[in-house]
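What follows is each chain in one-letter form.
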Amino acid sequence: MEVPQLIKAFSNETNLQILSILRSGSFNPRELARILQKNETDISRRLKALERLGLVEGRWIRVGGRNVRIYSLKVGEIKITFKPGSVVIQTLKEKSYEIPLPESRAPAVENLFGREEEIRAITSPEKRVVIVYGIAGIGKTSIAAAVFKNAFWYQMGEMDSFESFMWQMGLFLNTLGYRLLLEYLRGGDREEKAIYEIALEGIESTEAEVVIDDLHKCSDDKILHFLSFLAGRIQKGKIIILSREKPNLGFGEHILYLPLGGLKIEDAYKMVKMENTSIDLQKFAEIYNLTKGHPLALKLFTEAYRNNREISRSNIFDFLFSEVYGMLTEDEKFMLQLISLFNEPLEYEAIRRLYKRKNVFAVLYSLLNKGVLERRGELYFLHDLLRGFVEEVRDISEKKYYREYTDYLLEKGAAESFLRAFGYAVRIGDSEKIKELITLRVKKFKRIIQDFPETYMKVLVQIGDNPYAKKELGHIYFQKGLFRKALKLWLEVKDEINGIHRADVVSSLADVYMELYEFEKAEACLKEYEEILKSNDDPEVKLWYYIELTKFKFYMEKPEEALQSAFKELEIVKNLETYPELESLVLLHIGDIYVSMERVHDATRYYLQALEISKAYSLSFMEHTVYFELAKAHFHLGEYEKAVEYSRKSVDYFLKVRNYRRAAGSLGYHCVSCIGLMRLKEAEESAEEMIKIAQSTDYPLGWAGYIFLGAIKNLRGEDGSEYFRLGKEKLKDQKWLYDAVWEELGRVYNGGKR
Ligand code: ADP
């Protein structure tokens, strides 16, 4: 192995993230890019480089007539030994390692003065929840960063939402070996209670430390609720919350609220002395009185004092900062103004792009050295306190730079940066750009509606009265099951928008009418869509039509026509190539249509193709949905062994990701198939699991467990009637479900009483 290249590969955080994700299985570059919120081309390039270094292994698999590349981890650990005259590198398999993620890394603290008592208090093992609060610049971040170096560090921003918070948390826990949270979020479920429980379990089982910085900026109530929940339950992990205002996260022995004041006089003296050896004691006493040991003020003072001017007593900050600012070069001022435009930390590359002058590196480092700029990992920012001052003297055009930054973010090609870019476009109020971005969302960032609905919604509601934005809001409502709300918005904007967006609305209207069982209206929408198709030959626009048509024909119980339409979908989707989720979904639907035609053998053929694609692209939720359908199909074919095998897989997965609706369904087929094989012990376990689900979620299918238990009793020669009675009683309001359960059970068992 090439030593320098290897070290170079390891010094890159994205590479480390990739390796960390691959620990949990094989991945296709596309899904990896989605998980890491990076550009797919970039991820592919990195994977190839890591492959050359022997760290990962790529292989081609053939799916649906084309080749798909998937990667897995080749080594578990690397050991580098320095020997006289040589460096030995050994790779060891199956060892774990921890990798901090760049976004979630604590800022580096070079010199921390004083704070011994506070550190003792916050590191106390009895305190699992620590809330440090105090004014800006008082040193909250510094103290936590100095102590909790390996913590998951979440820097709160105004636009942050619960889902992006959890996504980051999922990535972090994944690096600690806890995979479930990420897996759950990837599956597309957003059951809040489940997320709370899973995140708590992840933090507890890995004994993770979590720091939330600047909580006062949080505008998402869901994050605050989650933190209160965590504060009430945490026992092994630790959460540290930093905020300007004191939040209320409840009370208890294990919760510590720590107000943070200035540095003690002796520590403040050491701090000032280090920068400024010439200061005399009297001068120092004066400045300490004015600043009360506020560290940021002291830092400014050490810069300003070089001028040796008298210090104004009124508004010390203004005075100190204007002194420091006055001494900066033109280039430094310009860079500070630039950075002050953004209320998020910027990457070096972004600063370079915006600043454009040649000396970017020198200027940036000079500002860092003067203590006016701060750095966190690869990100640079102006302390909030100073940003306010720079804003007042700023004389550069906001719009110009926001526009450039929007383009910069868009080039990254990831959903998260897309959303940030969108935020800036909204701030500029550029409606053309907004429309352009919405087109991009529809074409390229389809998953945003599922993955980041809340974040997207926050951006959209700021736009105000814009038909395109309203159309997008409709999609979010639809996704949440708020069909009437979606319908209202779509009807409102239908005649105001054009091109691909009109097609989007009309097909969505057909969809929502079907959800509301208003089939005549759905049909009218399909007719209207046919008009659109006459003047639009975009394959995707065509695809949307067939998607709705298939659904419509299926509902109308015209399976032959549904099938025909579904094959059209398949043909288009295959040509679009980059759309594997949809391809597997279409295949799954084709299977379902065949099942409804009682052509179960044909159905399994298509299910297997759907399975192949979902496995190749690491779409685990889809993969297990297919297992469930396969289990059902094999059960109906009387192939119980296979039905047991497939249903076991889907049971395990859906229980794991706490999707109890699907878990109960899978358990049901597992149970009846086991009964078919007279494997009564396993059947009994599944039936009991179903009842447990019903007891905790009230999901009706779970109660069928009683009926199955009754059958199992009877088959053992015991009396099952009490269980039958219980099952009937619990399902008394779901007659159709009760009958359906008996119908399936009847295939393998014909005793019992109804
Ligand atoms: P806050 O998080 O309360 O806004 P920071 O931790 O960002 O405050 O501190 C503001 C500035 O003061 C930073 O530049 C930091 O380096 C410096 N600082 C804070 N506390 C100390 C300390 N104990 N010793 C040295 N520098 C400090």
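What you are looking at is a predicted structure, and each value in this text was computed from that prediction instead of being measured. (Residues numbered from 1 in each chain as written. Predicted model: local features only at pLDDT ≥ 70, side-chain atom pairs only at ≥ 80, totals over all residues. Heavy atoms only, no water.)

### Brief notes about the site of the ligand
Heads up, the condition is: Neighbouring residues are identified by heavy atoms, a residue being near a molecule or strand if any of them is within 4 Å of it. Throughout this description, a polar contact denotes any pair of N or O atoms lying within 3.5 Å of each other; where both atoms belong to protein, one of them has to be capable of donating a hydrogen while the other can accept it, and for residues adjacent in sequence the pair is counted only when both atoms sit in side chains. Only the protein chains shown count as cover for residues, and all accessible areas are computed by the Shrake-Rupley method using a 1.4 Å probe. Polar here means any residue outside two lists: the nonpolar Ala, Val, Leu, Ile, Met, Phe, Trp, Tyr, Cys and Pro, and the charged Asp, Glu, Lys and Arg; Gly therefore counts as polar. Domain limits in this description derive from either an automatic procedure or a database domain assignment.
Around the ligand, a shell composed of 19 residues is seen, among which Gly137, Thr141, Ser142, Lys299 and Glu374 lie nearest. The separation between an oxygen atom of the ligand and a polar main-chain atom of Gly137 is 2.8 Å. One nitrogen or oxygen atom from the side chain of Glu374 is found 2.7 Å from an oxygen atom belonging to the ligand. About the coverage of the ligand: the protein hides 90% of its 550 Å² of free accessible area. Grouping the constituent residues of the shell around the ligand by class yields 9 nonpolar, 6 polar and 4 charged. Two domains each donate at least three residues to the shell around the ligand, and these are domain 2 (103–259) and domain 3 (265–326).

### A short note on the domain arrangement of the protein
Note the cut-off: Every residue pair with non-hydrogen atoms within 4.5 Å of one another is taken to be in contact. The term buried area denotes the loss of accessible surface (1.4 Å probe radius) that occurs when two parts are joined, taken as the sum for both partners.
By domain assignment, the protein separates into domain 1 (3–92), domain 2 (103–259), domain 3 (265–326), domain 4 (330–396), domain 5 (415–476) and domain 6 (619–754). Placing a centre on the C-alpha atoms of domain 2 and another on those of domain 3 gives a separation of 33 Å. With 10 residues of domain 2 at the contact, the number on the domain 3 side is 7 residues. For the pairing of domain 2 and domain 3, the buried interface totals around 610 Å² over both sides, and the portion due to carbon and sulfur atoms is 71%. When the buried area of domain 2 at its contact with domain 3 is split by residue, Phe113, Gly137 and Ile138 rank highest and sum to 67% of it.

### As for the sheet that holds strand S7 (residues 209–213)
What links the strands of a sheet is backbone hydrogen bonding, and the strands pair in either a parallel or an antiparallel sense. This is how it is decided: Two strands make a pair as long as DSSP finds a minimum of two bridges between them. By the criteria applied, helices consist of DSSP H or I runs no shorter than four residues and strands consist of E runs no shorter than two, each listed in order from the N terminus. Axis definition: a line fit to C-alpha positions, over the contact stretch in the case of helices; interaxial angles, taken between N-to-C directions, run 0 to 180 degrees.
Overall, parallel pairing links the 5 strands, which are arranged S6-S7-S8-S5-S9 in an open sheet. Unpaired on one side and paired on the other, strand S6 (152–155) and strand S9 (255–259) mark the two borders of the sheet. Put simply, the sheet's adjacent strands are angled 15° from each other on average, direction ignored. Inspection of the sheet shows S6 paired to S7 by 4 bridges, in the parallel sense. Residue pairing across strands places Phe152 opposite Val210, the latter belonging to S7. This element, helix H7 (residues 162–175), spans S6 and S7 of the sheet and lies at about 160° to S6. Contacts between helix H10 (residues 221–233) and the sheet are confined to strand S5 (129–133), S7, strand S8 (238–243) and S9, with S8 contributing the most and set at about 135° to the helix.

### A few points about the packing of aromatic side chains
Filter applied, for reference: Working definition: a ring pair exists when centres of Phe, Tyr or Trp rings (six-membered ring for Trp) sit within 6.5 Å. Plane angles under 30 degrees give stacked, over 60 give edge-to-face, the rest tilted. Put simply, a charge is over a ring when the Lys NZ or the Arg CZ is close to the ring centre, within 6 Å, and near the line of the ring normal, within 35 degrees.
In total, this model carries 44 aromatic pairs according to the counting rule given. Aromatic rings pair up to connect Phe152, Tyr154, Phe162, Phe165, Phe172, Tyr196, Phe226 and Phe229 into one cluster. For Lys246, the ring lying beneath its charged end belongs to Tyr257, and the centroid distance is 5.0 Å. The ring of Trp703 carries the charged tip of Lys730 above its face, separated from the ring centre by 4.4 Å.

### Re the nonpolar core
What counts is decided by this rule: Throughout this description, the term nonpolar core refers to a set of buried Ala, Val, Leu, Ile, Met, Phe, Trp, Tyr and Cys residues connected via side-chain atoms within 4.5 Å. Only protein chains enter the calculation, and the probe is 1.4 Å; a residue is then buried if its accessible area is under 20% of its type maximum, exposed if over 50%, and partly exposed in between.
By size, the foremost hydrophobic cluster in this structure holds 251 residues, and its most contacted members are Met166, Met169, Leu181, Phe226, Phe422 and Leu745. When neighbours within four sequence positions are excluded, Leu745 is seen to be in contact with Val672, Ile675, Ile707, Phe708 and Ala711. Residues Ala145, Phe148, Ala151 and Val211 belong to the second largest nonpolar core, which totals 16 residues.

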